[in-house]
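The residues making up each chain are set out below.
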Amino acid sequence: MQDPTLSSFSKNMTDADLNGSEKNEPAGISDSAVDAPEKDAGSSSSPLPKIRVVLVEPLYQGNVGSVCRVMKNFGFCELFLVNPCALEGEARAMSSHAIDVLQNAQLCATVEEAVLGCDVVIGTTGSRAFKKCDHIRTPAYSPQALKERMNTYHPDTKFAVLFGREDTGFTNEELSYCSMIATVPTSHIYPVMNLSHAVGLMMYELSGAKMTGEVKTVDWNSFEALCGHFEDMLKDIEFTPHKQDKMALMMRRIFGRADLTPCEAQTLRGIFRVVQYHAKKGKGEYVGKLKLDIENQFEKEELTFFYENEMEE
């Protein structure tokens, strides 16, 4: 049975695995230059937002190790891996002094499993939407804009930030599962970033989120109209009467957490209208109206035929 964390694999690594990578590091600020007593990254005046980094089917263990390192640079330690590649010496070496992040990473079989316990799921993508109502990739927030949005959430909100495969990114189904979409504005000449670079940039920006209040995307009138329409639909489909209020309240909470855009709210209301149409049609209201319209049209045509014949005679 697969170990749910990576702590077991690290016990088999030697110091040579780590030291070999450190010797090949590019010039710059090395770990030895910052080996001062550790300071809690969240000990500043504003605590860090609760963020879980989720890597979906990463292909290269070096990237996974580098992600661990850059996460710890900004104070984040919760890493979930969905069907990752084999993680051996290179992953440990690249993680450097963030080996604890790698050891405690949780292994998952699906994206759904990886985001359990989170309130908001954010998918990152390098592909831009070409249509305003492209529900899969809109609205796509820059890291800075996403931080501003996060500022309006309650401090206890738990976020999952998903990063896709290095070669193909996410499937449309995986992106559709996300609450929000984020993208890093890059040059059109070469828009795709290295995985660890993208994680580092996102974590740098999001570490500054203040987390106060709650977010609403649709305006209040549109939100009320959506909830009211849902309640009307419950009545039209003859949902169990004594459960209608409870169901309406539950859906109001779901809509409130969903961060719906105006376009999405209108799409939902369109679905409600179709449900209402078929519910009323089944009860005969629409059938009766259609029958009356046909009868009226038939009478009109008969009268026209009668007068035309009278004129001919």
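Calculation notes
Chains are numbered independently. Their residues run from 1 in the order of the written sequence. Side-chain atom pairs in this predicted model are given and counted only at pLDDT of 80 or more, local residue features only at pLDDT of at least 70, and totals for whole chains, interfaces and linings cover all residues. Side-chain numbers come from the whole structure's heavy atoms, not from hydrogens or water. Counting from the N terminus, the helices are the DSSP runs of H or I reaching at least four residues and the strands are the DSSP runs of E reaching at least two. Multiply 1.5 Å by the residue count of a helix minus one, and that product is the helix's expected span. A 1.4 Å probe rolled over the protein chains alone gives each residue an accessible area, and that area as a share of the maximum for its type sets the label: buried under 20%, exposed over 50%, partly exposed in between. By this definition, two strands are paired if DSSP reports at least two bridges between them. Ring pairs are drawn from Phe, Tyr and Trp, using the six-membered ring of Trp, whenever the two centres fall within 6.5 Å, and their geometry is named by plane angle: stacked under 30 degrees, edge-to-face over 60, tilted for the rest. By the criterion adopted, a ring carries a charge over it if an Arg CZ or a Lys NZ lies within 6 Å of its centre and within 35 degrees of its normal. Axis lines are fitted through C-alpha atoms, for helices just across the contact stretch, and the angle between N-to-C directions can take any value from 0 to 180 degrees. Each crossing gets its hand from how the near helix is turned against the far one by less than a right angle, where anticlockwise is left-handed and clockwise is right-handed. Whether two residues are in contact is decided by their heavy atoms, any of which lying within 4.5 Å being enough. By the convention adopted, Pro, Cys, Tyr, Trp, Phe, Met, Ile, Leu, Val and Ala count as nonpolar, Lys, Arg, Asp and Glu as charged, and the other residues, Gly among them, as polar. In this description, the arc belongs to the directions extending from the helix axis to the C-beta atoms. Oblique is the label for every angle not falling under 35 degrees (roughly parallel), over 145 degrees (roughly antiparallel), or within 65 to 115 degrees (roughly perpendicular). Between N or O atoms, a polar contact is any pair within 3.5 Å; within protein, one atom must be a potential hydrogen donor and the other a potential acceptor, and residues adjacent in sequence are included only when both atoms are from side chains.

Engineer: Help me understand helix 9 (residues 195-206), please; the structure alone is not making it clear to me.
Structural biologist: Structural remark: α-helix, 3.6 residues per turn; residues separated by three or four positions point the same way. Spanning 12 residues, helix 9 covers 16 Å between terminal C-alpha atoms, matching the ideal 16 Å at 1.5 Å per step. Most of helix 9 is tucked away: 9 of the 12 residues are buried. All buried positions along helix 9 are accounted for by Leu195, Ser196, Ala198, Val199, Gly200, Met202, Met203, Glu205 and Leu206.

Engineer: Explain the sheet that holds strand 6 (residues 158-163) here, please?
Structural biologist: Sheet architecture is open: 7 strands sit in the order 3-2-1-6-4-7-5, paired in parallel fashion. Of all the strands in the sheet, just strand 3 (106-108) and strand 5 (140-141) have a single pairing partner and so form its edges.

Engineer: What is the right way to look at the packing of aromatic side chains in this model?
Structural biologist: What characterises a pair of aromatic rings is the spacing of the ring centres plus the angle enclosed by the ring planes. Within the structure shown, the criterion is met by 3 aromatic pairs. Members of the aromatic cluster, each reached through a chain of ring pairs, are Phe230, Phe255 and Phe272. Sitting above the plane of the Phe80 ring, Arg52 keeps its charged end 4.0 Å from the centroid.

Engineer: Even after reading the chapter, I still don't get the packing of helix 7 (residues 143-150) against helix 9, so can you show me in this structure?
Structural biologist: Between two packed helices, what matters for the description is the angle formed by their axes and the separation of those axes. Interaxial distance between helix 7 and helix 9 falls to 9 Å at its minimum, and their mutual angle equals 35°. Crossing of helix 7 against helix 9: the hand is right-handed. Two secondary-structure elements touch here, helix 7 through Pro143, Gln144, Leu146, Lys147 and Met150 and helix 9 through Leu201, Met202, Glu205 and Leu206. When its residues are assigned to classes, the contact of helix 7 with helix 9 shows 6 nonpolar, 1 polar and 2 charged.

Engineer: Would you mind going over the side chain of Glu205 with me for this structure?
Structural biologist: Following the sequence through the fold, Glu205 ends up in helix 9. Taking the relative accessible area as the measure of exposure, Glu205 reaches 12% and is therefore buried. Among all residues touching Glu205, those that are not within four sequence positions of it are Pro143, Gln144 and Lys147.

Engineer: Explanation requested: helix 7 in the structure shown.
Structural biologist: Here helix 7 has its buried residues at Pro143, Leu146, Lys147, Arg149 and Met150. Taken down its axis, helix 7 places every buried residue within 160° of arc, on the same side.

Engineer: What should I look at first to understand the packing of helix 3 (residues 61-73) against helix 9 in this one?
Structural biologist: With their axes 8 Å apart at the nearest point, helix 3 and helix 9 run at an angle of 15° to one another. When the interaxial angle is binned, helix 3 and helix 9 end up roughly parallel. In terms of crossing hand, the pair formed by helix 3 and helix 9 is right-handed. Two secondary-structure elements touch here, helix 3 through Asn63, Ser66, Val67, Val70 and Met71 and helix 9 through Leu195, Ser196, Val199 and Gly200. Split by residue class, the contact of helix 3 with helix 9 holds 5 nonpolar, 4 polar and no charged.

Engineer: Quick question: what am I supposed to make of the side chain of Asn151 here?
Structural biologist: Following the sequence through the fold, Asn151 ends up in the loop between helix 7 and strand 6. Look at Asn151 and you get buried, because its relative accessible area is 16%. Separated by 2.6 Å, the side chain of Asn151 and the backbone nitrogen of Lys210 make a polar contact.

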